[in-house]
Amino acid sequence: MAEYLINPRHAETNRILDIRHLTMMFGGLRAVSDFTMAIPEGGLYGLIGPNGAGKTTVFNVITGIYQPTEGSILFDGREIVGLPSHLITRLGIARTFQNIRLFQNLTVLDNVRIAYHTYAGYSLVEAITRLGRFTRRERILTERAQDFLAVFGLQDRQLELAKNLPYGEQRRLEIARALAARPRLLLLDEPAAGMNPREVGDLMELIHFIRDEFKLTILLIEHQMRVVMGICEWITVMDFGEVIARGTPREIQNNERVIEAYLGTRSEKGIKFDAFGS
Amino acid sequence: MRQLKILLRVIVWAIYLALVVGIVLGIVSLVRLNGPIYFLQAVIDGLKLGFVYALIALGYTMVYGIVRLINFAHGDVFMVGSFASFYAITQYGWGFIPAILFAMAVCTVLNVVIERVAYKPLRDAPRIAALITAIGVSFFLEYFTALRWVFGPDYITFKRPFKVVVWNVKGVLISNITVIIVVLTIILLLVLQYIIRMTKVGKAMRATALDKPTARLMGINVDGIISLTFALGAALAGAGGVLYAIAFPQIWTFMGVMPGLKAFVAAVLGGIGNIPGAFVGSLLMGTIDVLVVSFLPMGSRLRDFFAFFVLIVVFLVKPTGIFGEPQIEKV
Amino acid sequence: MSKRRRGFLPSWVPTLLVAVLLYLLVVYAQKSGKITTYWYQVIQLASITAISALGLNLIYGFNGQFSLGHIGFYAIGAYGSALITKDFLVKWSGMRIGALSWIIAGQVGLVLTLLLVKWMRVGAVRDRLRAGLGAHLKGHETWVLTTIVVLLMTAVAVAVGVLVAGQLHKWLVLALGKILLPLPKKVAQQVVFLLALLNGGTMAALVAFLVGLPLLRLGSDYFGIATLGFAIMVYTALQNSDMVIPTMKGARGMVGIPRWTTWPWVFGALVLSVIIIRNLIHSSHGRAIMSVREDEIAAKTMGIDVNQLKTVAFSFGGFFAGIAGGLYAHLYGFLHPSSFNMIKGFDPLIIIVFGGLGSMTGTIVASGMFALVIEGLRVLLPQGFEDWRFVIYPIFLLLIMLLRQQGLLGTTEWGWLRAPLPPERDIPVPERVVQPSPQDDEGEEA
């Protein structure tokens, strides 16, 4: 059995994402080193690790923002290394960013409509002349986007500029926008960063909701142990660009190497793992 | 499979060989066209021009490195340097060295004033606002100095404060002007390198260029350092203005536009923000300039075309210049 | 923004009204002799500049690509269309329709070449080769071989393009002669003028496409410098243009271009440009163009083909610059390379920054004000102080930038140019919604 199998219970055929021996070098720096991970379709998975462990780099390589030095990534059995970002997204991978990257000076509605652009269904000429499919398709596009915003409780904000939303709603909008691109795999990069405990609670509810409602696979990077332990079914832990542990939340909590990676020393036994979460 | 691999290798190396032979043949035919002396002369004249470009380019690259502003007015500061030394020499009868120091001082004061008045208030504004201001300052300097009672709109002949001596080294003519330009430029560059690498101020400059907020937190007077950068750049440009006027003794108030732009392109060619890069880029730019003029028919009319053509070619191969580090977008 | 109300009238009504009034006002002022021919031309020039600046606003204001080379496209449009119309009057290449057919044939050939490159899937072949050879050879060796294959394929495409263009030219000369020469002179003039303008625009657009293809991948400032280099190359080429095409007269300036540009032509072109850009911007494609300005990486991860959209915006921007250049050429009947030098090249940039990046209304208003300042200074300055014009103008510029960093209007638009409001309807709220829990304190923002 291949070493990178994340969970022996899942058959190989079922994998939506299969990362094999991924290495990413920046100059002489090895940001990710021989990283291997597979995710079966459906469910919630976590990727955790201390700062600078290379988690976000993995996301950037998956979404085609960086080209890996070595390794392969199969999405639904198809090699995606070397594909440009937008094609990877169109295949069905969407993501959010650690430091929210909304289209700040555009409205909330436009943010979502941009994610629908791939499915706009009218040409440049039709747009300029306002003939043909334009009127009908544009109306459908707008209505879909509005319905979508309503699901996230943002329908009253639709004409507000994205930068004017409060922080929690910006996060919510970014997730909504990613979902509007119709992904089968959603990558969330520290969705709870900078949130207060109540907002974190809302977020966890939101993630559960998305998983149920949109029937997709979610992989998330998170620092707050409360989130990871609360919602992930299976966790991969990274440190210095390498995988140091995999397992269920319970297994990870008691893993010596993980505790060492986070606390830096082996000796301080007895410190509970979630002491540094929230 | 193995044979195919060898075949491909052979093809590639044949192409390399052809390229090398082509380049060598090209140079040889250039040399034989008008004789090796003509060619060497062109290269030496090109390097002379390149050293002057280097003095301007450094100011551009330092200012860009520290505030990310393409300071279009820099070429005009260079022009003011020429005129300042002109007046020092003809009106006050000063010698060469005092004239250079005077030009450097005038440019320094001017550039610091420009920075304080026009750029500093816009430090937190969108970058384009400062760029437009730089264009405005450039226009202002050009047209203001072109007024009759300032420098006047006409070409003025620059009187050299020393006798021109030309040595004939086996047919290649080298004048004391070339020697002065090269020696002075190298001295100034070494002083600059000393300031940037060895002094505390230099360290502060490098820190500010890397990360302004953090530099401020470390107790560095960021505004002061930025002013100092403008001052250093202007002093070099002032010296450059004098040397340019000595080499090409026709000065007028729009003389800074093209050398300024080319020096900037040279800085970009070498990798903007990179001081040795700016130096190498400038020498390259100067040499290309003179080679085009010397060897192409109608070369003097096409020199600007080739200067920018080279820039675009370099961009296509290496998008951040010869010594520039590749941009890695932080996500 | 959220409180934006629907007006009593549909937004196009007041906008149309203002446009018609503006048009009639100028016609009236000119007919009744209220303004001199000089000012009449200034108004036309301001509108022409507005068209060009709108093009740059599409590139820089909406798509976020910092271009300093806009004047180059303006120049290409000007000289391209001038060659056509001048040739219509003066014999140049032996035949009366020579330049027109050459320019059309040339463009068709170029487009065909580009299409062939696309059909031959040069990009895919390159990627295949790179992947295939990369496994066996070293990086630089792979690069050399793939480059040579790509160059060979491109050469084939170019050869086909040139051949087709050559044949097409012969045929076009005959066809255009058959169509144009029997027409009454007045009609033929207008048709040729229209063709000349369109060709100026498409030439500029094609050049923009070709230039943009490699350059748009550069980072923002590097792109600005590269385009500045392009503009200076165009300028230098124009100064020496007489070496290739004698009619262009190089640095002596091209004279004898028919002065066909009139207020209706200029106004019509401006209105059409505004309509095209407005419709483009307020569509899914336009929103995608703006998303590139806002955040390129986020746009990519939303499935948006960033490079394609940059090329689209850049080519469209070049097209409008070309049209404006064509109108400019036929306004004064005289073209000189120095009208397209670097100093003039900053004008459209200054206008769009001053009017507000990403505001069409701002660009139009700023074009008018720009002309007013430049020409007004000419009138207002007393005798003996004419030289002060360009001393005072930069001071204006400085003050405006210091006082209004976002430009006159920021990104606000007026009337019909504003983004249309989404249709009014009751948004169905789904059964299960994720609402944030009620906030205790309103001002809680990070």
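Cut-offs applied
- Residues numbered from 1 in each chain as written.
- Chains lettered and ligands numbered in written order.
- Predicted model: local features only at pLDDT ≥ 70, side-chain atom pairs only at ≥ 80, totals over all residues.
- Heavy atoms only, no water.
- 1 Å grid on protein atoms, 1.4 Å probe; cavity = no way out; pocket = protein on both sides within 12 Å on 5 of 7 lines; lining within 4 Å.
- Points joined across faces, edges and corners; volume = space filled by probe spheres on them.
- Helix = DSSP H or I, 4+ residues; strand = E, 2+ residues; numbered from the N terminus.
- Nonpolar A, V, L, I, M, F, W, Y, C, P; charged D, E, K, R; others polar.
- Contact = heavy atoms within 4.5 Å.
- Buried area = accessible area lost by both parts, 1.4 Å probe.
- Salt bridge = Lys/Arg side-chain N within 4 Å of Asp/Glu carboxyl O.
- Buried < 20%, exposed > 50% of the residue type's maximum accessible area, 1.4 Å probe, protein only.
- Domains from an automatic or database assignment.
- Polar contact = N/O pair within 3.5 Å; in protein donor to acceptor, adjacent residues only side chain to side chain.

### Quick notes on empty space enclosed by the protein
Thought 1: According to the stated counting rule, one finds six cavities of 30 Å³ or more in the structure shown.
Thought 2: Considered as a void within the structure, the largest cavity measures approximately 110 Å³ in volume.
Thought 3: Taken together, 15 residues form the lining of the largest cavity, with Phe72, Ser138, Glu142 and Val257 of chain B together with Met342 of chain C sitting closest to its centre.
Thought 4: The set of elements that each furnish at least two residues to the lining of the largest cavity consists of helix H2 (74-90), helix H4 (127-145) and helix H9 (257-270) of chain B together with helix H13 (342-355) of chain C.
Thought 5: At four residues, the largest contribution of residues to the lining of the largest cavity is made by H4 of chain B.
Thought 6: Of the residues that constitute the lining of the largest cavity, the class distribution is nine nonpolar, four polar and two charged.
Thought 7: Put simply, the second largest cavity is a space of about 60 Å³.

### Regarding the interface of chain A and chain C
Thought 1: On the chain C side, the residues contacting the 57 residues of chain A number 48 residues.
Thought 2: Here chain A and chain C share an interface that buries about 4,900 Å² over both sides, 59% of which is from carbon and sulfur atoms.
Thought 3: Put simply, chain A and chain C have three salt bridges between them.
Thought 4: Put simply, Asp147 of chain A and Arg425 of chain C hold a salt bridge, and the shortest N to O gap is 2.7 Å.

### A few points about the environment of Ala366 of chain C
Residue and element names in this part refer to chain C.
Thought 1: Looking at the element boundaries, Ala366 is found in helix H14 (residues 360-380).
Thought 2: Look at Ala366 and you get buried, because its relative accessible area is 0%.
Thought 3: Contact partners of Ala366, with chain neighbours within four places excluded, come to Ile351, Phe354 and Gly355.

### Some remarks on the domain arrangement of chain C
All names here are of chain C.
Thought 1: Looking at chain C, the domain boundaries give domain 1 (12-82 + 185-417) and domain 2 (97-180).
Thought 2: Listed by partner, the interface residues are 11 residues for domain 1 and eight residues for domain 2.
Thought 3: Around 850 Å² of area is buried between domain 1 and domain 2 when both sides are counted, 81% of it from carbon and sulfur atoms.
Thought 4: The interface formed by domain 1 and domain 2 contains zero salt bridges.
Thought 5: Where domain 1 packs against domain 2, one counts two residue pairs in polar contact (both at pLDDT 80 or more).
Thought 6: For the side of domain 1 that touches domain 2, the leading source of residues is helix H7 (residues 185-215), giving 10 residues.

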